[in-house]
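Each chain, written out:
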Amino acid sequence: GMLVSDVTNAGDIPATTYVSTLLSSTSVKIDKVMTGSHVGDTLNFKGDSVAFALIKQGYTGTYGSANVNYSDITGASDEVSGTGYTAGGFVWAAGAMTTPAASGTQAYCQPSTNPSWTSATIDCRGGMLYNVTQLNKAICIESFGGEQKVTAGTLTLLLPTNGAGTSLLQVN
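Given the structure is predicted, the values throughout are model-derived calculations rather than measurements.

Peer 1: Would you explain the environment of Gly58 in this entry?
Peer 2: Residue placement: Gly58 occurs in the loop between strand E5 (50-56) and helix H1 (71-74). Gly58 sits 65 residues away from Asp123 along the chain, and the two C-alpha atoms are 9.2 Å apart.

Next up, the structure:
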């Protein structure tokens, strides 16, 4: 995971901001989209701990862009429970994200290993990638496109190839 912090003008990053240039493996330049008062700054990435929590089959909550925290899943009692699964999901250690890279105008990165639950009995429909270090803030919600079920086996989520157009986390 990564924390993006404004080292030039603390706290003035509006929601309409995007990464315009990947300067190095630890810095990017941001610009405003169409509105807002932000002018280009250099931001730094920090290695944070990220996790992937599974959302159970038959969930009751509504999931999408309005979900901002892991507690959105737990508050609706929608996190998977079962043998081989620990509340909070699969947690990557700090710095486990691949080094951010760029291709043309696209920046990308993702966790370095596939999350896996062994000797598990799990019935799930999707999940949330979230930043443990930054107060469990949501990074993205993923749908599996249908029920995924394993009984006394291993559930492994195969991450896409880390690259432009394929990475889990991308900025164009």
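Moving on, there is more to tell.
Peer 1: Sorry if this is basic, but what is going on with the sheet that holds strand E7 (residues 101-103) here?
Peer 2: The strands making up a sheet are joined through hydrogen bonds of the backbone, oriented either antiparallel or parallel. Taken together, the three strands give an open sheet; going across it, the order is E7-E8-E11, and neighbouring strands pair in antiparallel fashion. The sheet is open, and its two edges are formed by E7 and strand E11 (169-171), each paired on a single side. Neighbour-to-neighbour, the strand axes of this sheet turn through a mean angle of 25°, independent of strand direction. In this sheet, strand E8 (residues 106-109) lies alongside E7 in antiparallel orientation, the contact comprising three bridges. From the neighbouring strand, Ser103 faces E8, where its bridge partner is Gln106.

Peer 1: Before we go on, may I ask you to explain the pairing of strand E10 (residues 137-156) in this structure?
Peer 2: Looking along a regular strand, one sees the side chains alternate between the two faces of the sheet. As paired strands, strand E9 (residues 116-131) and E10 are joined by twelve bridges and run antiparallel to one another. Bridge pairing links Leu129 to Cys140 in E10. Counting the residues between successive antiparallel strands, the hairpin from E9 to E10 contains five residues, one of them, Leu135, with a positive phi of roughly 55°.

Peer 1: Honestly, the pairing of E8 in this entry has me stumped. Any pointers?
Peer 2: On E8, burial covers both faces: Gln106 and Tyr108 on one face and Ala107 and Cys109 on the other are all buried. Where E7 hands over to E8, the hairpin turn is made up of two residues, of which Gly104 adopts a positive phi near 65°. When E8 meets E11, the two strands line up antiparallel, connected through three bridges. Paired with Ala107 across the strands is Val171, a residue of E11.

Peer 1: I keep staring at the sheet that holds E10 and nothing clicks. Help me out?
Peer 2: In spatial order, the strands read E6-E5-E9-E10; together these four strands make up an open sheet with antiparallel pairing. The sheet terminates laterally at strand E6 (90-92) and E10, the two strands that pair on one side only. Neighbouring strand axes in the sheet, compared pairwise and without regard to direction, differ in orientation by 30° on average.

Peer 1: Any chance you could explain the environment of Thr86 here in plain terms?
Peer 2: Relative to the helices and strands, Thr86 is located in the loop between H1 and E6. What makes Thr86 exposed here is its relative accessible area of 55%. Measuring from C-alpha to C-alpha, the distance between Thr86 and Leu54 comes to 10.0 Å, with 32 residues separating the pair along the chain.

Peer 1: Just to check I follow, could you spell out the confidence of the model for the protein for this structure?
Peer 2: Where the model shows low pLDDT, its predicted coordinates should not be examined in detail. With 73% of its residues at a pLDDT of at least 70, the protein reaches an overall mean of 78. Within the model, the stretch residues 32-45 combines pLDDT values under 50 with 53 contacts to residues more than four positions away or in other chains.

Peer 1: Quick question: what am I supposed to make of the nonpolar core here?
Peer 2: Here is a general trend for soluble globular proteins: nonpolar side chains tend to be buried in one another's company. Core analysis: the biggest nonpolar cluster contains 29 residues, and Leu54, Trp92, Trp117 and Ile122 have the highest contact counts within it. For this core, the secondary structure elements donating two or more residues are E5, E6, E9 and E10. Top element by residues in this core is E9. It accounts for seven residues. Beyond its immediate chain neighbours, meaning those up to four positions away, Trp117 contacts Phe52, Leu54, Gly84, Tyr85, Gly89, Phe90, Ile122, Gly153, Thr154, Leu155 and Leu157.

Peer 1: I tried to follow the packing of aromatic side chains on my own but got confused; where do I start?
Peer 2: Think of a pair of aromatic rings as described by two things: how far the centres are apart, and how the planes are tilted against each other in angle. Enumeration over the complete set of coordinates arrives at six aromatic pairs. Relative to Phe144, the ring of Phe52 has its centre 6.4 Å away and its plane inclined at 25°; by these criteria the two rings are stacked. Here Phe144 lies in strand E10 and Phe52 lies in strand E5, a separation of 92 residues in the sequence. Under the relative-accessibility criterion, Phe52 is labelled buried at 5%. Looking at Phe144, the relative accessible area reads 24%, which means it is partly exposed. Look at Phe90 and Trp92: their rings are 5.0 Å apart centre to centre, the planes differ by 70°, and that puts the pair in the edge-to-face class. This pair shows no difference in class: Phe90 is buried, exactly as Trp92 is. Among the aromatic side chains, those forming a connected cluster through ring pairs are Tyr85, Phe90, Trp92 and Trp117.

The rules behind each value
Here, residues in each chain are numbered from 1, in the same order as that chain's written sequence. At least 70 in pLDDT is required for a residue's local features to be given in this predicted model, at least 80 for side-chain atom pairs to be given and counted, and no such filter applies to totals for whole chains, interfaces and linings, which use all residues. As a convention, hydrogens and water are excluded, and side-chain values are obtained from all of the structure's heavy atoms. Helical segments are the DSSP runs of H or I of at least four residues, strand segments are the runs of E of at least two, and each set is numbered from the N terminus. Any two strands with at least two DSSP bridges between them are considered paired. Fitted lines through C-alpha atoms give the axes, limited to the stretch in contact for helices. The angle between two N-to-C directions lies from 0 to 180 degrees. Burial classification: accessible surface area is computed with a 1.4 Å probe over protein chains only, and a residue below 20% of its type maximum counts as buried, one above 50% as exposed, and the rest as partly exposed. On a range of 0 to 100, pLDDT expresses the predictor's confidence in each residue. By the convention used here, residues are in contact when the closest approach between their heavy atoms is within 4.5 Å. In these notes, a set of buried Ala, Val, Leu, Ile, Met, Phe, Trp, Tyr and Cys residues joined through side-chain atoms within 4.5 Å is what counts as a nonpolar core. Only Phe, Tyr and Trp rings take part, Trp by its six-membered ring, and two of them pair if their centres are within 6.5 Å. Stacked means planes under 30 degrees apart, edge-to-face means over 60, and tilted covers everything else.

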